Amino acid sequence: MDSTTTNSQHRPFSIKLWAPSEGTRRVLVERLRNNLTTNSIFTQKYGCLSKEDAEESAQQIEDLAFNTANQLYDREPDGDGGAAVQLYAKECSKLLLEVLKRGPAAKNDKVLASKKETSPAETFFDISKGQRAFIEAEEAENILRPLKEAGNSYTKICFSNRSFGLGAARVAEPILVSLKNQLKEVDLSDFIAGRPEEEALEVMNIFSAALEGSVLKSLDLSNNALGEKGVRAFGALLKSQSSLEELYLMNDGISEEAAKAVCELIPPTENLRVLQFHNNMTGDEGALAISEVVKRSPLLEDFQCSSTRVDSEGGIALSNALETCSHLKKLDLHDNMFGAEAGVALSKSLSKNADLVEVYLSYLNLEDEGAIAIVNALKESAPSLEILEMAGNDITGEAASALAACIASKQHLTKLNLSENELKDEGAIQIGKALEGLAQLKEVDMSNNSIRRAGARMLAQVVIEKPGCKLLNIDGNIISDKGLDEVKEIFKKCPDILGPLDENDPEGGDDGEESGEGKGEGEADGDELESKLKNLEVSQDD
């Protein structure tokens, strides 16, 4: 694909034991036919079948055994196919004996059909299990065979993790054409890895043309190193999707030009609820294009544009576009360079979203100004917030009061991540006080915040009182040896809750903090600071 796209195609491939080739399956059918018609201890006891009945029964036995083994293969944890091969042979033997027991006069198709009728109709066809591997024409004929069965009920297909060559794509083409009126969910993520660009683009064109006109609810094209050429190769499919509810384009090498192509090709739809662009090369200009898609999606509930190299201009554009989306439940913009100005713009959008449950805003360079604007908006707008992540934003103690007020108002909060900021003891103690009334808290990350003994002790004392809490991470701080001993003592009955402390720097905390020696001007003793703040009231009405 494009030279600027990701290198996901270089991951390893492996040979699988499943599925058997078409030739192997034909040989097995012939053996089954012979076993139904030739002399053996079983035919001596139960009788032989006529050649006509044996031919029909042998094919039905093999089909049923293959489908049963294929379903097991889909669920195999290791994905090597060994267990499926064993089940395939076992099912063939069992069904063969059942046919013979019924005798030559029985109508085999009726009994075998009844076995099919007892199983619920399959709606999800998935070939993604196991290790990544190439798929060529012969294997595609075998593995896609269930999709060719008349009257099948498949509405969702997943071709991920298998790299389709041209031969396999041409096998899949008529099958997809026959299914496109019933398909609702299509996953083509990571399905051309390792293929030369020319072949990959042709494969994408084949799939796009075959599925054009389908009425999909969900389409996943992630992990395909698309670039602009790849996006346009799927143009026919994308342009026909006026009812799409979920679109995934993660790790696709979506550059500025590719983002513009996405904006151009996706038709206006008010149905889009999930839009995910994680790990692309979108940049500011690309973000401007994506913001146009967002503006056309007023029902958006889940938006992810993380790790996309977006700076302030693009961040402001995305933030403004999100003002049209008042139904957001999950927002993930982490790992961009929005800056404080974009943070303030984002706060205006957040104030209109009462349904937010998960907010991921780490590593956006928000600083105090952007962080304060955002948490003030969240305090008033997201009563059901469960996850708040704002790590790595250069947030200092100046924003602690606003942060604490927001956190204290979130009675459903389960996870808080404020790591890699500069909140220090004063901020940590205020955050700790805010956490006291949160009964559903499960995880708190305050690592790398220049926290000393007093802040660490406060956080530990609060978390230990939360029966459902699973983790307190305060690593990477400057807690003195005495402070570490106190924290460990607090968690002595449940040490697993306290995260590792390998990166803590007790020297940075200066052991003199307990004795009052070596403190710089204005630096309060840990106990003195905690005493000053212990009666702090965290206001939710500021």
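In what follows, the structure referred to is the one given above.
Residues numbered from 1 in each chain as written. Predicted model: local features only at pLDDT ≥ 70, side-chain atom pairs only at ≥ 80, totals over all residues. Heavy atoms only, no water.

### Some details on the overall build of the protein chain
From N to C terminus, the protein chain includes 22 helices and 15 strands. Out of the 542 residues belonging to the protein chain, those deemed buried represent 54%. A fraction of 85% describes how many contacts in the protein chain between residues 6 or more apart in sequence connect residues 24 or more apart. When the accessible surface of the protein chain is split by element, carbon and sulfur atoms take 48% of a total near 23200 Å². (Helix = DSSP H or I, 4+ residues; strand = E, 2+ residues; numbered from the N terminus. Buried < 20%, exposed > 50% of the residue type's maximum accessible area, 1.4 Å probe, protein only. Contact = heavy atoms within 4.5 Å. Areas by Shrake-Rupley, 256 points an atom, 1.4 Å probe, with all protein chains shown as cover.)

### Some details on a negative patch on the surface
On the surface, Glu341, Glu367, Glu369, Asp394 and Glu422 cluster together into a negatively charged patch. Along the chain, Asp394 turns up in the loop between β12 (387–389) and α16 (400–408). Residue class for Asp394 comes out partly exposed when judged on its relative accessible area of 44%. (Patch = residues over 30% accessible without salt bridge, like charges linked within 9 Å, V, L, I, M, F, W, Y side chains within 5 Å. Salt bridge = Lys/Arg side-chain N within 4 Å of Asp/Glu carboxyl O. Lys, Arg positive; Asp, Glu negative; His and termini not counted. Charge placed at Lys NZ, Arg CZ, Asp CG, Glu CD.)

### Section: helix α11 (residues 256–265)
Every buried residue of α11 is listed here: Ala258, Ala259, Ala261, Val262, Cys263 and Leu265. Buried residues along α11 sit against α9 (227–233), α10 (235–239) and α12 (283–295).

### Things to note about the packing of aromatic side chains
Taken as a whole and assessed by the stated rule, the structure comprises 8 aromatic pairs. With 6.3 Å between their ring centres and 80 degrees between their planes, Phe66 and Tyr88 make a pair best called edge-to-face. Of this pair, Phe66 sits in helix α3 (residues 51–75) while Tyr88 sits in helix α4 (residues 82–102), and the two are 22 residues apart along the sequence. For Phe66, a relative accessible area of 1% corresponds to the buried category. Relative accessible area serves as the criterion here: at 7%, Tyr88 is assigned to the buried category. For the ring pair Phe164 and Phe191, a centre distance of 6.2 Å and an interplane angle of 55 degrees mean the geometry is tilted. Of this pair, Phe164 sits in strand β4 (residues 162–164) while Phe191 is found in the loop between β5 (185–187) and α8 (197–211), placing the two residues 27 residues apart along the sequence. Note on Phe164: relative accessible area 0%, which makes it buried. Owing to a relative accessible area of 0%, Phe191 belongs among the buried residues under this scheme. Here a set of aromatic residues connected by ring pairs shows up, and it is made of Phe159, Phe164, Phe191, Phe207 and Phe234. The lysine or arginine in question, Arg25, covers the ring of Phe66, its NZ or CZ lying 3.6 Å from the ring centre. (Phe/Tyr/Trp six-rings, centres within 6.5 Å; stacked < 30°, edge-to-face > 60°. Lys NZ or Arg CZ within 6 Å of the ring centre and 35° of its normal.)

### Section: the pattern of salt bridges
Side-chain pairing between opposite charges can occur once the charged atoms of the two side chains come close. Per the counting criterion, the structure on display carries 27 salt bridges. The partner of Glu91 in a salt bridge is Lys94, and the shortest N-O contact between them spans 3.2 Å. In this pair, Glu91 and Lys94 are both assigned in helix α4, 3 residues apart and thus about one turn of the helix distant. Assessed through its relative accessible area of 37%, Lys94 is described here as partly exposed. In this structure, the salt-bridge partner of Lys129 is Asp126, at a minimum N-O distance of 3.6 Å. Overall, Lys129 belongs to the partly exposed group, its relative accessible area being 33%. Exposure remark for Asp126: the relative accessible area of 6% places this residue in the buried category. What emerges from the salt-bridge pattern is a single network uniting Arg25, Glu62, Asp63 and Arg145.

### What to know about unusual backbone geometry
Most peptide bonds take the trans form, and the phi angle of most residues other than glycine is negative. The phi torsion at Asn161 lies on the positive side, around 75 degrees, for a residue other than glycine. Among the structural elements, Asn161 can be located in the loop between β3 (156–158) and β4. Even without being glycine, Lys424 reaches a positive phi, approximately 55 degrees. Inspection of the secondary structure assignment puts Lys424 in helix α17 (residues 424–435).

### With respect to the packing of α12 against helix α13 (residues 312–321)
At a closest axis distance of 8 Å, the pairing of α12 and α13 adopts a crossing angle of 5 degrees. By the criterion of interaxial angle, the relationship of α12 to α13 is roughly parallel. In this structure, α12 uses Asp284, Glu285, Ala287, Leu288, Ile290, Ser291, Val294 and Lys295 to contact α13, whose residues at the interface are Ser312, Glu313, Gly314, Gly315, Ala317, Leu318 and Ala321. Split into classes, the residues belonging to the contact of α12 with α13 amount to 7 nonpolar, 4 polar and 4 charged. (Axes fitted to C-alpha atoms, helices over the stretch in contact; angles between N-to-C directions. Parallel < 35°, antiparallel > 145°, perpendicular 65-115°, else oblique. Nonpolar A, V, L, I, M, F, W, Y, C, P; charged D, E, K, R; others polar.)

### Some words on the nonpolar core
Judged by nonpolar contacts, the single largest core of 129 residues is most densely connected at Phe159, Phe207, Phe303 and Met390. Beyond its immediate sequence surroundings of up to four residues, Phe207 is in contact with Phe159, Phe164, Ala169, Ala172, Leu176, Leu188, Phe191 and Phe234. In terms of nonpolar packing, the next biggest core, distinct from the first, is built from 21 residues, Val29, Ala54, Phe66 and Leu96 among them. (Core = buried A, V, L, I, M, F, W, Y, C linked by side-chain atoms within 4.5 Å.)

### Observations regarding the side chain of Glu62
Examined against the element boundaries, Glu62 turns out to sit in helix α3. Classification of Glu62 by relative accessible area gives buried; the value is 0%. Looking at Glu62, its side chain comes within polar contact range of the side chain of Arg25, at 2.6 Å. Beyond its immediate sequence surroundings of up to four residues, Glu62 is in contact with Arg25, Leu28, Val29, Leu32, Tyr88 and Arg145. (Polar contact = N/O pair within 3.5 Å; in protein donor to acceptor, adjacent residues only side chain to side chain.)

### Comments concerning the environment of Ala58
As for its position among the elements, Ala58 is in helix α3. In the structure, Ala58 is positioned 25 residues away from Arg33 in sequence and 5.3 Å away in space, judged by C-alpha atoms.

### Re the environment of Glu256
With respect to the helices and strands, Glu256 occurs in helix α11. When sequence neighbours within four positions are dropped, the list of residues in contact with Glu256 reads Met281, Thr282, Glu285 and Gly286.

### Comments concerning helix α7 (residues 166–179)
Compared with an ideal rise of 1.5 Å per residue, which puts 14 residues at 20 Å, α7 spans 20 Å between its outermost C-alpha atoms and is within 8% of the ideal. The largest bend in α7 comes to about 30 degrees, at Glu173, with the proline Pro174 one to four residues further on. Among the residues of α7, Leu166, Ala168, Ala169, Val171, Ala172, Ile175, Leu176 and Leu179 are the ones counted as buried. Along its buried surface, α7 packs onto β2 (133–135), α6 (137–143), β3, β4 and α8. (Expected span 1.5 Å × (residues − 1). Bend = angle between axes of the 7 residues up to and from the residue.)

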